Amino acid sequence: MQSINRFLYGPTPEEKVRAWQTKLRSESRQLDREMRQLDVATNKARAAVKKLAVKGDVKSARILAREVVRSDKQKDRLSVSKARLGSIGTQLSQQMAMVKVTGALQKSTEIMKLSNELVKLPQISQAMREMSMEMTKAGIMEEMMDDALDMNEDEEIEEEADGEVDKVLAELTDGKLGQAGAVGTGIPQSTQDKLDDEETERTMEQYRQQLSGLLSG
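Being a predicted model, the structure only gives us computed values, none of them experimental.

The end-to-end C-alpha distance of helix H5 (residues 125-138), which contains 14 residues, comes to 20 Å, matching closely the 20 Å that a straight helix rising 1.5 Å per residue would cover. Among the residues of H5, those classed as buried are Ser125, Met128, Met131, Ser132, Met135 and Ala138. One face of H5 carries all of its buried residues, which in axial projection span an arc of 140°. The outward face of H5, more than 90 degrees from its buried face, is lined by the exposed residues Gln126, Met133 and Lys137. Of the surrounding secondary structure, the elements contacted by the buried residues of H5 are helix H2 (13-55), helix H3 (58-102) and helix H4 (109-118). Immediately downstream of H5, the backbone of Gly139 shows phi near 90°, a positive value.

Set out below in structure tokens:
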């Protein structure tokens with residue numbers, strides 16, 4: 001009888017909630033993987049910044065330190081998004097309890113607000129859009145709000161990163177490279193000439209591209 005009802009009327013509210021919670025856990029695990037990958041890449045980049053600073057290659061150190069700053073900000077964003085996924089899961093658990101009383105899912109402005117924030121994260125945007133459409137059909141949400149106004153968020157991150165690079169350089173080099181404005185300062189040129197500049201540049205570019213790839217999703 002239950003299978004007949006499912007065929008005629010679709011999944012029950014309880015089944016819908018359980019399916020959404022499964023998706024939320026899956027997306028949360030994906031964000032965990034993203035954060036672990038960022039940690040590995042960022043730690044390598046931090047070590048490279050220190051080496052570049054010791055060699056006096058301030059220009060390359062600044063470029064790579066900027067990616068480290070962006071990476072730290074991205075990890076914070078992923079962490080906040082994971083917390084939002086958990087909040088939606090909690091809200092759905094409350095919906096499950098209400099279904100037993102009312103027999104139907106209830107509209108939730110909190111779930112809608114959290115979902116509107118999560119669709120802006122490229123890593124889970126598509127999954128959240130699909131889930132939001134399902135929740136809209138189920139009566140939990142209204143139509144998604146336009147998120148076009150947030151398209152400049154990456155540019156804001158870039159501007160913030162520029163302002164923090166000097167501080168990061170100082171932290172990574174134990175204060176030996178603070179206001180790194182001048183390029184080419186540091187160890188004598190005669191010593192610098194002996195360093196393998198091409199290998200250093202390739203290594204720096206490798207870390208920079210790896211972090212940029214992770215940040216772009």
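And the narrative resumes.
One can describe the packing of H3 onto H4 by two numbers: an axis separation of 10 Å at closest approach and a directional angle of 155°. Relative to H4, the element H3 lies roughly antiparallel. Viewed along their axes, H3 and H4 form a crossing whose handedness is left-handed. Note on element contacts: H4 touches H3 through Glu110, Ile111, Leu114, Ser115, Glu117 and Leu118, opposite Ser81, Arg84, Leu85, Ser87, Ile88, Gln91 and Leu92. Partitioned by chemical class, the residues of the contact of H3 with H4 number six nonpolar, four polar and three charged.

This paragraph deals with the confidence of the model for the protein chain. Confidence in the prediction for the protein chain averages 77 pLDDT; 70% of positions are at 70 or higher. Across residues 179-195, where pLDDT falls below 50, the model places 20 contacts with residues more than four positions away in sequence or in other chains.

The rules behind the values
All residue numbers here refer to positions counted from 1 along the written sequence of the relevant chain. At least 70 in pLDDT is required for a residue's local features to be given in this predicted model, at least 80 for side-chain atom pairs to be given and counted, and no such filter applies to totals for whole chains, interfaces and linings, which use all residues. Side-chain metrics in this entry use all non-hydrogen atoms of the structure; hydrogen atoms and water are not considered. Each helix is a run of H or I in the DSSP string that is no shorter than four residues. Each strand is a run of E no shorter than two, and both are numbered from the N terminus. Between the first and last residue of a helix there are one fewer steps than residues, each counted as 1.5 Å, and that sum is the expected span. For every residue, the accessible area (1.4 Å probe, protein chains only) is compared with the maximum for its type, and the residue is labelled buried under 20%, exposed over 50%, or partly exposed between those bounds. What the arc measures is the spread of directions leading from the helix axis to the C-beta atoms. Throughout, a contact is declared for two residues whenever any of their heavy atoms are within 4.5 Å. Between the N-to-C directions of two axes lies an angle of 0 to 180 degrees, each axis being a line fitted to C-alpha atoms and, for a helix, fitted only over the stretch in contact. Small angles under 35 degrees read as roughly parallel and large ones over 145 as roughly antiparallel, with 65 to 115 read as roughly perpendicular and the rest as oblique. It is the rotation of the near helix from the far one that decides the hand of a crossing: anticlockwise by less than a right angle makes it left-handed, clockwise makes it right-handed. Under the scheme applied here, ten amino acids are nonpolar (Ala, Val, Leu, Ile, Met, Phe, Trp, Tyr, Cys and Pro), four are charged (Asp, Glu, Lys and Arg), and all others, including Gly, are polar. One confidence number per residue, pLDDT, is output by the predictor and ranges from 0 to 100.

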